[in-house]
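Coordinate inspection notes
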Amino acid sequence: MTVKNNIHPKNSYYSRYLHGFLNFLVPLGKKTAYISVTPHVEKLSGMYDYAVISDALGYENDVEVFLKDIRTHIEPDGRIIITQYNALWEPVARLASLLGLKSMKPQNWLSMIDLKNFAHLAGFEVLKSGSKMLMPVYIPLVSWFCNIIIVNIFPFSKLGAFHYIVARPIVSSAKSLSNPSVSIIVPARNESGTVEKIIAELPELGSFTEIIFIEGHSKDDTLQAIQKGVGAYKGTKRLSYAVQDGKGKGDAVRKGFAMATGDILMIYDADMTVPASEVHKFYDAIAHNRGDFINGSRLVYPLEKESMRTLNFFGNKFFSFAFSTILGQTLKDTLCGTKVLWKEDYEFIQSNRAFFGDFDPFGDFDLLFGAAKLNLKIIDMPIHYRERIYGDTNIKRWSHGWLLLKMTVFATRKIKFI
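Calculation notes
- All chains use their own residue numbering, which begins from 1 and follows the written sequence.
- Totals for whole chains, interfaces and linings use every residue, but because this is a predicted model, local features are given only for residues with pLDDT of at least 70 and side-chain atom pairs only at 80 or more, for both listing and counting.
- Side-chain calculation: all heavy atoms of the structure are included, whereas hydrogens and water are not.
- Counting from the N terminus, the helices are DSSP H or I runs at least four residues long and the strands are E runs at least two residues long.
- Working definition: with a 1.4 Å probe on protein chains only, accessible area under 20% of the residue-type maximum means buried, over 50% means exposed, and in between means partly exposed.
- The contact criterion used throughout is that any non-hydrogen atoms of two residues lie within 4.5 Å.
- Only the protein chains shown count as cover for residues, with accessible areas throughout obtained via the Shrake-Rupley method and a probe of 1.4 Å.
- Buried Ala, Val, Leu, Ile, Met, Phe, Trp, Tyr and Cys residues form a nonpolar core when they are joined through side-chain atoms within 4.5 Å.
- The reported arc concerns the directions from the helix axis to the C-beta atoms and nothing else.
- A carboxyl oxygen of Asp or Glu within 4 Å of a side-chain nitrogen of Lys or Arg is what we treat as a salt bridge.
- Think of a polar contact as two N or O atoms within 3.5 Å of one another; within protein, one of them needs to be a possible hydrogen donor and the other a possible acceptor, and neighboring residues in sequence only count if both atoms come from side chains.
- DSSP-based pairing: two strands are paired if at least 2 bridges between them are found.
- Every axis corresponds to a line fitted to the C-alpha atoms, with the helix fit spanning only the stretch in contact, and the corresponding angles, defined between N-to-C directions, vary from 0 to 180 degrees.

Right, let's get into the overall build of the protein chain. Within the protein chain one finds 13 helices and 13 strands. Looking at the 418 residues of the protein chain, the share that counts as buried comes to 51%. For the protein chain, restricting intrachain contacts to residue pairs at least 6 apart in sequence, the fraction spanning at least 24 positions comes to 79%. Put simply, the protein chain shows about 19400 Å² of open surface, and 58% of that area lies on carbon and sulfur atoms.

It is characteristic of soluble globular proteins that their nonpolar side chains tend to be buried jointly. Counting 50 residues, the largest nonpolar core has Ile81 and Phe257 as the members making the most contacts within it. Counting residues per element, this core draws most heavily on helix α1 (residues 13-25), which supplies 8 residues. When neighbours within four sequence positions are excluded, isoleucine 81 is seen to be in contact with Leu22, Leu25, Val26, Tyr50, Ala51, Val52, Ile53, Ile165 and Val166. In terms of nonpolar packing, the next biggest core, distinct from the first, is built from 35 residues, Val186, Leu202, Ile211 and Met272 among them.

Attention now moves to helix α4 (residues 112-121). Taken together, the buried positions of α4 are occupied by Met112, Leu115 and Ala119. Down the axis of α4, the buried side of the element spans an arc of 60°, and every buried residue falls inside it. For α4, the exposed residues lying more than 90 degrees away from the buried face are Ile113 and His120. On its buried face, α4 sits against α2 (63-71), β4 (74-85), β5 (124-132) and β6 (162-169).

Turning to the pattern of salt bridges, a few remarks are in order. Under the criterion given, the structure shown has 9 salt bridges. Of the charged contacts in the structure, one is a salt bridge between glutamate 201 and lysine 197, with a shortest N-O distance of 2.6 Å. On the criterion of helical spacing, the pair formed by glutamate 201 and lysine 197 is a turn pair, its members being 4 residues apart in helix α6 (residues 195-201). By relative accessible area, glutamate 201 is classed as partly exposed at 35%. By relative accessible area, lysine 197 is classed as partly exposed at 32%.

Moving on: the side chain of lysine 377. Among the secondary structure elements, lysine 377 is positioned in the loop between α12 (364-373) and β13 (378-382). Side-chain polar atoms of lysine 377 contact the side chain of glutamate 125, separated by 2.8 Å. Apart from the residues lying within four places of it in its own chain, the contact partners of lysine 377 are Arg79, Glu125, Leu127, Arg168, Arg290, Gly291, Asp292, Phe293 and Gln329.

What follows deals with the sheet that holds strand β11 (residues 293-297). Taken in spatial order, the 7 strands make up an open sheet running β9-β8-β7-β10-β12-β11-β13, and their pairing is mixed. The open sheet has two edge strands, β9 (238-243) and β13, and neither has a second partner. Each strand of the sheet is rotated relative to its neighbour by a mean of 20°, with strand direction disregarded. The sheet contact formed by β11 and strand β12 (residues 339-342) spans 3 bridges and is antiparallel. Bridge pairing links isoleucine 294 to valine 340 in β12. Seen against the sheet, helix α7 (residues 222-232) touches β7 (182-188), β8 (209-215) and β9 and runs at an angle of roughly 155° to β9. Where α12 meets the sheet, it contacts β10 (264-267), β11, β12 and β13, and its direction lies at approximately 140° from that of β11.

Quick look at the structure:
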């Protein structure tokens, strides 16, 4: 194996397609080893954020040993990407070889199950998987239609010319510090009745807990309540506040994240429909490397009577199914306001935000899109969802629902149909 800038010479349609797909999977700025089998095998040296192993496992005598060797050169919070010819295409390849259309060396024909099993044996956890490319030769319009649209629709999604997996090492993450600090961002608009309870009830976590209120141009006295609560507090939590510059929860969250000094970033909605006592579950999950991005899920435990309207419930179900399909990771509730991630990962999401654009006023989709693009492991955290104890919801069901639908279609184009 060798480290090189490009895996395949970009002189064929298949190679150009594969090159573009791998460029999509590998975030900008990551130290990456591109690995292929050569007549003169060279060992990797040094450590890498990503290792891309493309169409190479078919020629390895011992795939498990090969992957275990790669693992020793991957950072604890790094990733491997494997692409490999789909075993279902073996008869086609053999026929092409017999007809003299393509030379074919003897190789291992690995199924998706084989790839996942070898990854597990070598100490990796698979985050994403799939198959791509139904038409490996170029035919104007036909190739685009088959390789961008049809291959992403079941059952054709199982028939692509190559499989791919994205996996992370099964180890304690380097970012999992012994006692990481946490910054809790609380966007607050028309929520003056909960400010005092939030300050009192949010738990102390890690080496320090920072609570940052971002006031959103309220019509009630939320700002005054925050100022009073922060000024009167005498405990060990670090409290601060600011007024957001723009409008919308997404804008408030980004301002709070910019102010944060903790290792872990957390969003907590000021309506307190998620009990403050359950916040520690999110912290424990990310601090112990159960996932890279912890997403609240309100759709597991029974809902309190007035906590979620029936139409909102089915809308959440729809968007959860859509996003699970788009992102390649199962999500039960995409719209829960409580989300937790490492500050380091957020900074990477922020630096790559131009890929999706700054169009999400809620902030939920922006973070989920970014987490998926960064190949983070997204984990649902079931929570108990309560009725509001003060005020009315800031959600406008129809206009916001339409905007969410448009963002879903946009994400499908940017992430799925590539």
